[in-house]
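Given next are the chains, with one letter for each unit.
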Amino acid sequence: MSERYSVLLADDEPFYLEWLSDYLESKNVEVEYATTVDDAIKKMSETQYRFLIVDLNIPVISEPSKFSKDQIATYKSYPGLYIANTARNLGYRTRQVIVYSVFASREIEEAVGRLYCTYLTKGHPQDLKREVDEVLNYDPTKDKP
Amino acid sequence: MPDSTGNEVEALSDSKDTKFDFGLLANFVHQVINPLNGVSGTLGNLIDGATPPAKQTQRLRAARAQLEHAISLVRNLAYFSQISIDPKNTNPGAIRKTCVMPQTIIEAIQFFQELAYSRNVAVELVNRWDQFKVEGNPDLLRQVFMNLVDNAVKYSDKGSKVEIEMREQKKSGGLIVAVRSKGSHIPIAERKRIFELGYRGESAKKVVASGTGLGLHICQIIIAGVHNGSITVESSTSGETEFLLRFPEFHM
């Protein structure tokens, strides 16, 4: 039997993501939800996930510290970036952090690009499923350093 | 501009509210894509066989609820455009029917059963057998209750109860409908602006990051402009929030 992984879905409206839970569970992946930035950062400090899927529009209860003024200016508009940034600092590799949003803009692409994460626009579930498949099939131990 | 009942109806097309607002449109798009994305994902899973058979019926129900939610959001925009462009066509003089309040409210509640179930929130019309009736526009009133129930379910605490109650206001002889929920406290500064077009309070943003800022504005237009009533909100520091709708006249 294949190894069971866990994934963190950071999204404030899980009701709309039951399909993604079903899809991940069909791949033997356990799903955990975080509905705020604070919740996601706390969960990341407690659990090492196989990968993360992060909505850029997610509530922040208390502004996380340790971010530059420039970062905060952008991250206030797209709070999911706090999660992506924290994840990268915790050692999650580039493709282990998938961020998505309804909107595509240069500002978002640049901010996500600086974190070297995967960025997808909402509204195309097949794209997200494809990315999930590729991340699950990717074996970092076979990667060249 | 006086309408057929002699009331002043402001043409919103003359007011600053109808200046094309791209921010509002962006929020609207964001809100409507979420449920549609859910429907698309659910159907994809059913086609691909990724949904376990035991969950298929529930997932289809959820997809239907998501689609209805998307339609409800589009309806808000449609009503807003309609009222903005031609307020006379939506006032009670133009479309005047008897609205059976419990029926209208129950129809609105039914749209949010799946969302309420997913959040473990119970929605109850307390005195459903009292046949309060008002003269007005049933479709618009249902939209008002859909917006209020949607918000109540979305922003209330998990495991809590949303209660809707109708009662006669002895002093004025009018009808009051109260929508009560338990969640985050809405500070007075936010309550003052809560019915403004495009406004979303910080307390709401801490629960759900994005919203149209259109729903409550539509409620106010429909209640005040179309039914000659009023809508207000109260919120205690313990997080009990009550929207009160007042109708000047009713019959049984």
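Note that the structure is a prediction, hence the values are computed from the model and not measured. (Residues numbered from 1 in each chain as written. Chains lettered and ligands numbered in written order. Predicted model: local features only at pLDDT ≥ 70, side-chain atom pairs only at ≥ 80, totals over all residues. Heavy atoms only, no water.)

**Quick notes on the packing of aromatic side chains**
Residues and elements named next belong to chain A. Worth spelling out the cut-off: Centres within 6.5 Å make a pair out of two Phe, Tyr or Trp rings, where for Trp the six-membered ring is used; the pair is then stacked when the planes are under 30 degrees apart, edge-to-face when over 60, and tilted otherwise. The cut-offs for exposure are 20% and 50% of the maximum accessible area for each residue type, with area from a 1.4 Å probe on protein chains only; residues under the lower value are buried, those over the upper are exposed, and the others partly exposed.
Counted under the stated rule, the structure contains six aromatic pairs over all chains. With a centroid separation of 5.3 Å and an interplanar angle of 90 degrees, the aromatic rings of Tyr-75 and Tyr-82 are classed as edge-to-face. Residue Tyr-75 shares its accessibility class with Tyr-82, and that shared class is buried. Each residue in the set Phe-67, Tyr-75 and Tyr-82 is aromatic and connected to the rest through ring pairs, giving one cluster.

**Quick look at the sheet that holds strand 3 (residues 51–55) of chain A**
Residue and element names in this part refer to chain A. For clarity, the cut-off: Two strands pair if DSSP finds at least two bridges between them. Secondary structure elements follow DSSP: runs of H or I of four or more residues count as helices, runs of E of two or more count as strands, with numbering from the N terminus. A fitted line through C-alpha atoms represents every axis, and for helices the fit uses only the stretch in contact; the resulting angles, taken between N-to-C directions, go from 0 to 180 degrees. Whether two residues are in contact is decided by their heavy atoms: any pair within 4.5 Å suffices.
Taking strand neighbours across the sheet as the criterion, the five strands line up as 2-1-3-4-5 in an open arrangement whose pairing is parallel. Both outer strands of the open sheet, strand 2 (29–34) and strand 5 (118–121), are each paired with one neighbouring strand and no more. Shown here is a sheet whose adjacent strand axes are inclined to one another by a mean of 20 degrees, direction ignored. Both strand 4 (residues 97–101) and strand 5 contribute to a ladder of four bridges, which runs parallel. What sits directly across from Ser-101, in strand 5, is Thr-121. Packing against the sheet, helix 2 (residues 37–46) makes contact with strand 1 (5–10), strand 2 and strand 3, and its axis sits at approximately 135 degrees to strand 2.

**A closer look at the interface of chain A and chain B**
Note the threshold: What counts as buried area is the accessible surface, traced by a 1.4 Å probe, that two parts surrender upon association, with contributions from both included. Salt bridge, as used here: a side-chain nitrogen of Lys or Arg that lies within 4 Å of a carboxyl oxygen of Asp or Glu. Polar contacts, as counted here, are pairs of nitrogen or oxygen atoms within 3.5 Å of one another; within protein the pair requires one atom able to donate a hydrogen and one able to accept it, and residues that are adjacent in sequence qualify only if both atoms are side-chain atoms.
Chain A puts 24 residues into the contact, and the matching count from chain B is 34 residues. When chain A packs against chain B, the two sides together hide about 2,400 Å² of surface, and 54% of this comes from carbon and sulfur. There are five salt bridges connecting chain A and chain B. In this structure, the salt-bridge partner of Asp48(B) is Lys129(A), at a minimum N-O distance of 3.6 Å. On the surface where chain A and chain B come into contact, there are 11 residue pairs in polar contact (both at pLDDT 80 or more).

**Concerning a nonpolar patch on the surface**
What counts, and what does not: A residue counts toward a patch only above 30% relative accessible area and without a salt bridge, and it is joined to like-charged neighbours within 9 Å or, for Val, Leu, Ile, Met, Phe, Trp and Tyr, to nonpolar neighbours within 5 Å. Per-residue accessibility takes into account occlusion by the displayed protein chains alone, with areas from the Shrake-Rupley method and a 1.4 Å probe.
On the surface, a nonpolar cluster with roughly 250 Å² of combined accessible area is contributed by Leu36(B), Leu67(B) and Ile71(B). Exposure remark for Leu36(B): the relative accessible area of 38% places this residue in the partly exposed category.

**Focus on the packing of helix 1 (residues 18–26) of chain A against helix 1 (residues 22–48) of chain B**
What counts here: Oblique is the label for any angle not covered by the other classes, which are roughly parallel (under 35 degrees), roughly antiparallel (over 145) and roughly perpendicular (65 to 115). By definition, turning the near helix anticlockwise from the far helix through less than a right angle yields a left-handed crossing, and turning it clockwise yields a right-handed one. When residues are grouped by polarity, Ala, Val, Leu, Ile, Met, Phe, Trp, Tyr, Cys and Pro land in nonpolar, Asp, Glu, Lys and Arg in charged, and all others, Gly among them, in polar.
Orientation of helix 1 of chain A relative to helix 1 of chain B, taken along the N-to-C sense of each, is 30 degrees, at an axis distance of 8 Å. On the basis of their axis angle, the class for helix 1 of chain A and helix 1 of chain B is roughly parallel. With respect to the hand of their crossing, helix 1 of chain A and helix 1 of chain B are arranged in left-handed fashion. Contacts from Trp19(A), Asp22(A) and Tyr23(A) of helix 1 of chain A reach helix 1 of chain B at Asn37(B), Gly38(B), Gly41(B), Thr42(B) and Asn45(B). Of the residues that constitute the contact of helix 1 of chain A with helix 1 of chain B, the class distribution is two nonpolar, five polar and one charged.

**A closer look at empty space enclosed by the protein**
Cut-off, in case you're wondering: Points on a 1 Å grid over protein atoms alone make up a cavity when a 1.4 Å probe fits among them but cannot get out, and a pocket when they form an open set with protein on both sides within 12 Å along at least five of seven lines; lining residues each have an atom within 4 Å of a point. Grid points are joined across faces, edges and corners, and a volume is the space filled by probe spheres set on the points.
Evaluated as defined, the whole model comprises four cavities of 30 Å³ or more. Lining the largest cavity are 38 residues, and of these Asn151(B), Tyr155(B), Ile194(B), Ala204(B) and Leu216(B) lie nearest its centre. For the lining of the largest cavity, the secondary-structure elements that each account for two or more residues are helix 2 (56–85), helix 5 (138–155), strand 5 (174–182), helix 7 (202–205), helix 8 (215–227) and strand 7 (240–247) of chain B. The element contributing the most residues to the lining of the largest cavity is helix 5 of chain B, with seven residues. Quantified by volume, the second largest cavity comes out at close to 70 Å³. Along its surface, the second largest cavity is lined by Trp19(A), Tyr100(A), Leu120(A), Thr121(A), Lys122(A), Gly123(A), His124(A), Pro125(A), Asp127(A), Leu128(A) and Asn37(B). Contributing elements (two or more residues each) for the lining of the second largest cavity: strand 5 and helix 6 (125–137) of chain A.

**Considering unusual backbone geometry**
As a rule of thumb, non-glycine residues mostly have phi less than zero, and peptide bonds are mostly trans rather than cis. All names here are of chain B. Backbone geometry at Asn-120 places phi at a positive 55 degrees, although glycine is not the residue there. Checked against the element boundaries, Asn-120 lands in the loop between helix 4 (113–118) and strand 2 (122–125). The backbone phi angle of Asn-228 is positive, close to 55 degrees, even though this residue is not glycine. Turning to its location among the elements, Asn-228 is positioned in the loop between helix 8 and strand 6 (230–235). When its relative accessible area of 42% is taken as the criterion, Asn-228 is described as partly exposed.

**A word on the side chain of Thr212(B)**
Tracing the backbone shows Thr212(B) in the loop between helix 7 and helix 8. In this structure Thr212(B) touches Leu24(B), Asn27(B), Phe28(B), Gln31(B), Leu73(B), Gly198(B) and Arg200(B), once residues within four positions along its chain are discounted.

**Here's the deal with the packing of helix 4 (residues 80–89) of chain A against helix 5 (residues 106–115) of chain A**
Residue and element names in this part refer to chain A. Contact geometry of helix 4 with helix 5 gives a least axis separation of 10 Å together with a crossing angle of 15 degrees. Looking at the two axes, helix 4 sits roughly parallel to helix 5. Relative to helix 5, the crossing made by helix 4 is left-handed. Across the interface between the two elements, Leu-81, Ala-84, Asn-85 and Arg-88 from helix 4 touch Ala-111, Val-112 and Leu-115 from helix 5. Grouping the constituent residues of the contact of helix 4 with helix 5 by class yields five nonpolar, one polar and one charged.

This is a description of form; function is not addressed.
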